[in-house]
Amino acid sequence: MESLGVLLTLPMNPYLEAELHRRCHLFRLWESPPARRKDFLRANAPSIRAVVGNAAVGADPETIDALPRLEIVASYSVGLDKVDLARCRERGIRVTYTPDVLTDDAADLAIGLSIATLRRLCEADRYVRAGSWKAKGDYKLTSRFSGKTVGILGLGRIGLSVAKRAEAFGCPICYHSRTKKPNVNYKYFPSVLELAGNCDVLIVACSLTEETRHIINHEVIKTLGPKGVLVNIGRGPHVDEPELISALVEGRLGAAALDVYEHEPDIPEELFRLENVVLTPHVGSATWETRKAMADLVLGNLEAHVLNKPLLTPFL
Amino acid sequence: MESLGVLLTYPMDSYLEEELGKRCELFRLWENPPEKRGEFLRANAASIRAVVGNTAVGADAETIDALPALEIVASFSVGLDKVDLAKCRERGIRVTNTPDVLTDDVADLAIGLAIATMRLIRAADRYVRSGAWKAKGDYKLSSKFSGKAVGIIGLGRIGLAIAKRAEAFGCPISYFSRSEKPQTSYRYYSSVVDLAANCHVLIVACALTEETHHIVDREVIDALGPNGVLVNIGRGPHVDEPELVSALLEGRLGGAGLDVFELEPHVPEQLFGLENVVLVPHVGSSTWETCKAMADLVLGNLEAHVTNKPLLTPVL
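Predicted, not measured: the structure shown is a model, and the values here were computed from it.

## Examining the overall build of chain A
Consideration 1: Helix and strand content of chain A: twelve helices and twelve strands.
Consideration 2: The C-alpha atoms of chain A give a radius of gyration of 21 Å, which matches the 20 Å a tight globule of 316 residues would have.
Consideration 3: With the principal axes as the frame, chain A shows a C-alpha extent of 65 × 50 × 30 Å.
Consideration 4: Across the 316 residues of chain A, 59% fall into the buried class.
Consideration 5: Restricting to contacts in chain A with at least 6 residues of sequence separation, those with at least 24 account for 58%.
Consideration 6: As presented, chain A carries roughly 13200 Å² of accessible surface, and 51% of it is formed by carbon and sulfur atoms.

Written out as structure tokens, the structure reads:
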């Protein structure tokens, strides 16, 4: 696909970048300073037929409008909140993403974060490394994970994988989704508020859309309560972040584990001082194995596109 | 049971201590400086009919010998490596422990440590809190947990609970045990070295006995290898600690999640600079829920003993 001009929005993966450079005509968006990006796009618009973006920088309206020859957006992510899907639909631009290959990693992280939070693993590790076990004695008691009710927001691929894992810990599972899922044994709640009122650990695993922005708001957080735990492996904007922080600081919410934030990588520093949170830097799919599989999926989709074959993982 | 003299070896649980103080005649061993302990025991020997110990301080040979009126050792633990069972057998002293109630917590910790180690959750949390995500960019890639071969040393209650959880992550399970367990479909290895060579994550979940001392030695660590991960939720002496430390420092072992150490609360400080280890201070059963259940089991066993009823969880 040497004639395919590809705009890569960020240095998201060295292998992906090297392959794109080798096999296509690669344009690196981040190499032009933000002030000169419009010029850069205009200058190269005749050549650019594909955009490869990720969860940080996707294909927004300005970018799409600046590229009249754009045929395909191949996202290096499963979430498409950073791709203007309406515009792509209008223009007949194909959109692919990376479902399935990252499902396990995201689900593993959700469970890992749940246990790490309830059992205070990071704090306990800090306690050891600070020499406090010797100086101050045993670490305090924490909360059990097994048997706690797990509420899942969004029962898609990732939500179902989280449920399957949590079941092995004897956790009763309940969920909220846009629609009730017919072949599923888990208890359905028709609102996120009812879900929060009936679970101990609430895990956000739905996609980010206009409807789900700030779906975890003051009411939901209050309902989850002083013993409740929120785990966000979805998108930062799913949660009203200032509300979350004040609830954690004031003890209105028991604990939280966050892999995503409203303005990554800017994280409110009040979170850094809390012992009842675990904070990871958007690593939901950040394993060697999965990122290679995601890269191969992006390359495979682009290859299929230029050869006029069926796309591997089309969304549009 | 107000006439029951109980020697509590350690301030292991405040609820337990309170109840013993209320219901029995309580002697607190740790209130005496070590050099005055022999005297203390001698002075109160006539009254002491029960010892409640834990994994830190149990009922060793000298203690048992100093207490001629001793009838029962009710351990606040499932592991009995700190109780001189041979002496108890000789003297007809009953011994109880706390099986089952802590199985889930320990299994949860084993899985939590495995995921936290492989996905670098602790190190990533530290990365975020230090402001590095903003300053230096995305955190590095880690290793996928799902689907990795899990090897378990000891397939008792805890080992089986670990296997059940790991299966939900698509992990093939294999094990080493004194004898093969025909009622499971997991793959059996008759040597720990073979088990280590054939798994990615090796979890120690057996009892500590003379035979299992240093069961994870240099040979086993080498077989596990530079991509392998060791999780120890058994006892510190299961592992040759100096060998483990040098293997981790030299990169001959991929990572380790450790809840126990040879000389608790001493943890080898050379490990403190490593990102691929998670170190927690013997918190395997340290949740509110489980400690209350363990305490109730200890109290229940003592109650059954004084009322001549069958002990709840006798080992001897």
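## Let's talk about the domain arrangement of chain B
Residue and element names in this part refer to chain B.
Consideration 1: Domains assigned within chain B are domain 1 (5–99 + 288–306) and domain 2 (103–279).
Consideration 2: Carbon and sulfur atoms make up 47% of the area that domain 1 and domain 2 hide from each other, which totals about 470 Å².
Consideration 3: Connecting domain 1 to domain 2 are one salt bridge.
Consideration 4: Across the pair R235 and D81 runs a salt bridge whose closest N-O atoms are separated by 3.0 Å.
Consideration 5: For the pair domain 1 and domain 2, the number of links is two residue pairs in polar contact (both at pLDDT 80 or more).
Consideration 6: Taken together, the residues of the side of domain 1 that touches domain 2 break down into two nonpolar, three polar and one charged.

## Some words on the confidence of the model for chain B
Consideration 1: Residue-level pLDDT values for chain B average 97, and 100% of them are 70 or greater.
Consideration 2: Interface confidence for the predicted complex, expressed as ipTM, amounts to 0.95; the pTM equals 0.94.

## Remarks on the interface of chain A and chain B
Consideration 1: The interface of chain A with chain B comprises 57 residues on the first partner and 58 residues on the second.
Consideration 2: For the chain A and chain B pair, buried surface summed over both sides reaches about 5100 Å², with 61% attributable to carbon and sulfur atoms.
Consideration 3: The interface formed by chain A and chain B includes nine salt bridges.
Consideration 4: Here K148(B) makes a salt bridge to E289(A), at a shortest N to O gap of 2.7 Å.
Consideration 5: The interface formed by chain A and chain B contains 30 residue pairs in polar contact (both at pLDDT 80 or more).
Consideration 6: Those elements giving two or more residues to the side of chain A that touches chain B turn out to be helix 5 (103–118), helix 6 (121–129), helix 7 (132–136), helix 8 (157–167), strand 12 (277–279) and helix 12 (288–306) of chain A.
Consideration 7: Residue composition of the side of chain A that touches chain B, by class: 29 nonpolar, ten polar and 18 charged.

## Section: empty space enclosed by the protein
Consideration 1: Under the counting rule described, the total for this entry stands at one cavity of 30 Å³ or more.
Consideration 2: By volume, the largest cavity amounts to about 50 Å³.
Consideration 3: Taken together, V128(A), G131(A), W133(A), K134(A), P265(B), H266(B), V267(B), E269(B) and F272(B) form the lining of the largest cavity.
Consideration 4: In terms of residue class, the lining of the largest cavity is made up of five nonpolar, two polar and two charged.

## Side note on helix 11 (residues 241–249) of chain B
Residue and element names in this part refer to chain B.
Consideration 1: Those residues of helix 11 that sit buried are E241, L244, V245, A247 and L248. Buried residues of helix 11, seen end-on, are gathered within an arc of 165° and therefore sit on one face of the element.
Consideration 2: Those residues of helix 11 that are buried are in contact with helix 10 (218–224), strand 10 (229–232), strand 11 (255–258) and strand 12 (277–279).
Consideration 3: Downstream of helix 11 by a residue or two, G251 has a phi angle that is positive, lying close to 75°.

## Details of the pairing of strand 6 (residues 150–153) of chain A
Residue and element names in this part refer to chain A.
Consideration 1: What you see with strand 6 is no split at all: V150 and I152 on one side and G151 and L153 on the other are buried throughout.
Consideration 2: Read as a crossover between parallel neighbours, the route from strand 6 over helix 8 to strand 7 (residues 173–176) is right-handed.
Consideration 3: Pairing between strand 6 and strand 9 (residues 201–204): four bridges, direction parallel. Residue pairing in the sheet places V150 in a bridge with V201 of strand 9.

## Quick look at the side chain of R28(A)
Consideration 1: Summarising the element assignment, R28(A) is placed in strand 2 (residues 25–28).
Consideration 2: A distance of 2.9 Å separates the side chain of R28(A) from the side chain of E17(A), its partner in a polar contact.

## Topic: the UniProt feature "domain: D-isomer specific 2-hydroxyacid dehydrogenase catalytic" (unreviewed entry) in chain B
Consideration 1: Those residues carrying the UniProt feature "domain: D-isomer specific 2-hydroxyacid dehydrogenase catalytic" (unreviewed entry) are residues 11–315 of chain B in this numbering.
Consideration 2: Span residues 11–315 of chain B is 37% helix and 13% strand, its end C-alpha atoms 23 Å apart.

Rules of the game
- Residues numbered from 1 in each chain as written.
- Chains lettered and ligands numbered in written order.
- Predicted model: local features only at pLDDT ≥ 70, side-chain atom pairs only at ≥ 80, totals over all residues.
- Heavy atoms only, no water.
- Helix = DSSP H or I, 4+ residues; strand = E, 2+ residues; numbered from the N terminus.
- Rg over C-alpha atoms; globule rule 2.2 N^0.38 Å.
- Buried < 20%, exposed > 50% of the residue type's maximum accessible area, 1.4 Å probe, protein only.
- Contact = heavy atoms within 4.5 Å.
- Areas by Shrake-Rupley, 256 points an atom, 1.4 Å probe, with all protein chains shown as cover.
- Domains from an automatic or database assignment.
- Buried area = accessible area lost by both parts, 1.4 Å probe.
- Salt bridge = Lys/Arg side-chain N within 4 Å of Asp/Glu carboxyl O.
- Polar contact = N/O pair within 3.5 Å; in protein donor to acceptor, adjacent residues only side chain to side chain.
- Nonpolar A, V, L, I, M, F, W, Y, C, P; charged D, E, K, R; others polar.
- pLDDT = per-residue confidence, 0-100.
- 1 Å grid on protein atoms, 1.4 Å probe; cavity = no way out; pocket = protein on both sides within 12 Å on 5 of 7 lines; lining within 4 Å.
- Points joined across faces, edges and corners; volume = space filled by probe spheres on them.
- Arc of directions from axis to C-beta.
- Right-handed = clockwise from strand over helix to strand, strands pointing away.
- Pairing = 2+ DSSP bridges.
- UniProt positions renumbered as here; feature names shortened; annotations may be inferred.

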